[in-house]
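One letter stands for each residue in the lines below.
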2 protein chains.
Amino acid sequence: MSAQRVEEAIEAIRASGSRVTVDRRAVVEALDRSGDHQTAEQVAEAVWVHHPDVNLATVYRTLELLEKLEIAFHVHLGHGPSRWHLADDVHHHLVCEGCGRVIEIPDSTFDPLRKRLLDDTGFVIDPHHFSLSGVCGRCAAKAGR
Amino acid sequence: MSAQRVEEAIEAIRASGSRVTVDRRAVVEALDRSGDHQTAEQVAEAVWVHHPDVNLATVYRTLELLEKLEIAFHVHLGHGPSRWHLADDVHHHLVCEGCGRVIEIPDSTFDPLRKRLLDDTGFVIDPHHFSLSGVCGRCAAKAGR
DNA sequence: TTCCGTGCAAACAATTTGCAATAGA
DNA sequence: TCTATTGCAAATTGTTTGCACGGAA
């Protein structure tokens, strides 16, 4: 979708002193194309659409590099494998333990909690890495009856 | 520490129609003894102190049973394996991505966020299953310099 | 006696790693 | 050229499962 953020990522790789390879570009493009919440396996599948010869281990290694460069991050949504996204898709996740639905919420929702925890404990939360679990309205209603 | 909560757990197993076995009692006692944040492997080690013949698979199966009966739960703290605790040790976790330190916070800290999310989205959060990650005061100070 | 629970070993899923071949800068 | 990157296959880690035996109810 955004050629620009792909180019920015590529530039960041180059700037870090790492090499810009066909495989790395393919992973960045796949992340850009396939949107949020993708597992490493799904990222690989998106890569394989255009570059069928990229090895799965290379996808893992590239994701690791991108995370070190703060270009991409992973989140834990419920059980199962990590989910990956580019850095500018910043939002948070509520995962329903009933139906598995994922609700996205804006970062600002965490501001009061963030302030409270900072004041109480000095801890600066970064809620990207983990999701919150619970029960969505629909499943709560179902359970309530 | 608490013989009482062990007995309550045993009673709940019996009440559910499951059998009360030596192995299951050993797992409950190990959880009770070894406190919070233990991996399945660590629970097994605690079991083996008094019952060296209990199989690791049995520990996993028992933890699964205890979770179904809401006697014990697992949380995801940072990367790595799940951590287990008995149900009445209810509190939440801040995991420092710098030093790995775990800070425990009371459930009530989440009340405003809980209300906000319930009002906005109908979602009832249960922050037990996942921790919050971030950077502790000490590491933040270190990074700030 | 009747199943449920267990040990054992193998299967599994997600991820990481060692090493030789290859390809960016 | 020279070293970082890759493919491949095997190792690792955490967890689950199938099956035959043994023990709780």
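Our subject is the structure that appears above.
Remember, predicted model here, so these are calculated numbers, not experimental data. Each chain has its residues counted from 1, following the order in which its sequence is written. Chain labels run from A onward and ligand labels from 1 onward, assigned in the order the entries are written. It should be noted that, the model being predicted, local features are given only for residues of pLDDT at least 70 and side-chain atom pairs only at 80 or more, the latter also being counted only at that level, while totals for whole chains, interfaces and linings use all residues. Hydrogens are left out, water is left out, and the side-chain values use all remaining heavy atoms of the structure.

Participant: Any details on the overall build of chain A? Residues and values, ideally.
Facilitator: Within chain A, the regular secondary structure consists of six helices and seven strands. The principal-axis extent of the C-alpha atoms belonging to chain A is close to 55 × 40 × 25 Å. For chain A, the proportion of contacts with a sequence separation of at least 24, taken over those separated by at least 6, is 50%. Using a 1.4 Å probe, the Shrake-Rupley method yields the accessible areas, and only the shown protein chains count as cover for residues. Total accessible area on chain A stands at roughly 7,500 Å², and carbon and sulfur atoms take up 52% of it. By the counting rule applied here, Lys and Arg register as positive and Asp and Glu as negative, while His and the ends of each chain are not counted. The atom standing in for a charge is NZ when the residue is Lys, CZ when it is Arg, CG when it is Asp and CD when it is Glu. Averaging the locations of the 16 positively and 22 negatively charged side chains of chain A gives two centres separated by 4 Å. Starting at the N terminus, helices and strands are each numbered in turn, a helix being any DSSP run of H or I of at least four residues and a strand any DSSP run of E of at least two. Note on contacts: a residue pair qualifies if any of its non-hydrogen atoms lie within 4.5 Å across the two residues.

Participant: Tell me what's going on with the protein's contact with DNA strand D, and back it up with residues and numbers.
Facilitator: Nearness here has a simple test: a residue counts as near a molecule or strand if at least one of its heavy atoms is within 4 Å of that partner. Of all residues adjacent to DNA strand D, which total 17 residues, the nearest are Thr21, Arg24, Thr58 and Arg61 of chain A together with Tyr60 of chain B. Among all atoms of DNA strand D positioned within 4 Å of the protein, those belonging to sugar or phosphate total 69%. Two N or O atoms form a polar contact when they lie within 3.5 Å of each other; inside protein one atom must be a possible hydrogen donor and the other a possible acceptor, and for residues adjacent in sequence the pair counts only when both atoms belong to side chains. In this structure, aspartate 23 of chain A approaches DNA strand D through a side-chain N or O atom, which is 3.3 Å from a phosphate oxygen. A distance of 3.3 Å separates a phosphate oxygen of DNA strand D from a polar backbone atom of serine 82 of chain B. For the surface near DNA strand D, the secondary structure elements donating two or more residues are α2 (22–34) and α4 (56–68) of chain A together with α4 (56–68) of chain B.

Participant: Explain unusual backbone geometry residue by residue, including any values.
Facilitator: All names here are of chain A. Positive phi values are uncommon outside glycine, yet glutamate 70 reaches one of about 60 degrees. Examined against the element boundaries, glutamate 70 turns out to sit in the loop between α4 and β2 (72–75). Residue class for glutamate 70 comes out exposed when judged on its relative accessible area of 58%. To sort residues, take the accessible area from a 1.4 Å probe on protein chains only and compare it with the maximum for the residue type: under 20% means buried, over 50% means exposed, and anything in between is partly exposed.

Participant: So what about the protein's contact with DNA strand C? Which residues, and what values?
Facilitator: Near DNA strand C lie 17 residues; those nearest to it are Tyr60 of chain A together with Thr21, Arg24, Asn55 and Thr58 of chain B. At a separation of 2.7 Å, a phosphate oxygen of DNA strand C approaches a polar side-chain atom of tyrosine 60 of chain A. Within the side chain of arginine 61 of chain B, an N or O atom sits 2.9 Å from a base nitrogen of DNA strand C. Those elements that place two or more of their residues in the surface near DNA strand C are α4 of chain A together with α2 (22–34) and α4 of chain B. Classifying every residue of the surface near DNA strand C gives five nonpolar, five polar and seven charged. Note on residue categories: nonpolar means Ala, Val, Leu, Ile, Met, Phe, Trp, Tyr, Cys or Pro, charged means Asp, Glu, Lys or Arg, and polar means any other residue, Gly included.

Participant: So what's going on with helix α5 (residues 111–121) of chain B? Which residues, and what values?
Facilitator: If you check which residues of α5 of chain B are buried, you get Leu113, Arg114 and Leu117 of chain B. The buried side chains of α5 of chain B occupy one side of the element, clustering within an arc of 100 degrees when seen end-on. Turned more than 90 degrees off the buried face of α5 of chain B, the exposed positions are Pro112, Lys115 and Asp119 of chain B. Each element contacted by the buried residues of α5 of chain B is listed here: β4 (92–96), β5 (102–105), α5 (111–121) and β7 (132–135) of chain A together with β6 (124–125) of chain B. The first or second residue beyond α5 of chain B is glycine 122 of chain B, which carries a positive phi of 80 degrees. The reported arc concerns the directions from the helix axis to the C-beta atoms and nothing else.

Participant: So, the side chain of arginine 114 of chain A: which residues are in play, and what are the values?
Facilitator: All names here are of chain A. Its location among the elements puts arginine 114 in helix α5. Arginine 114 sits in the buried class, given a relative accessible area of 18%. At 2.8 Å, the side chain of arginine 114 and the side chain of aspartate 111 are in polar contact. Arginine 114 has contacts with Asp107, Ile125 and Pro127, leaving out every residue within four places of it along the chain.

Participant: Before we move on, can you summarise the packing of helix α1 (residues 3–15) of chain B against α2 of chain B with the specific residues and values?
Facilitator: Residues and elements named next belong to chain B. Close contact between α1 and α2 brings their axes to 10 Å; oriented N to C, the two are set at 145 degrees. Our pair here, α1 against α2, has a crossing hand that is right-handed. Every residue of α2 that contacts α1 at Arg5, Val6, Glu7, Ala9, Ile10 and Ile13 is listed here: Arg24, Arg25, Val28, Glu29 and Asp32. Its residues assigned to classes, the contact of α1 with α2 shows five nonpolar, no polar and six charged. Helix axes are fitted to C-alpha atoms over the stretch in contact, other axes to C-alpha atoms as well, and angles between N-to-C directions run from 0 to 180 degrees. Crossing handedness follows the turn of the near helix against the far one: under a right angle anticlockwise gives a left-handed crossing, and clockwise gives a right-handed one.

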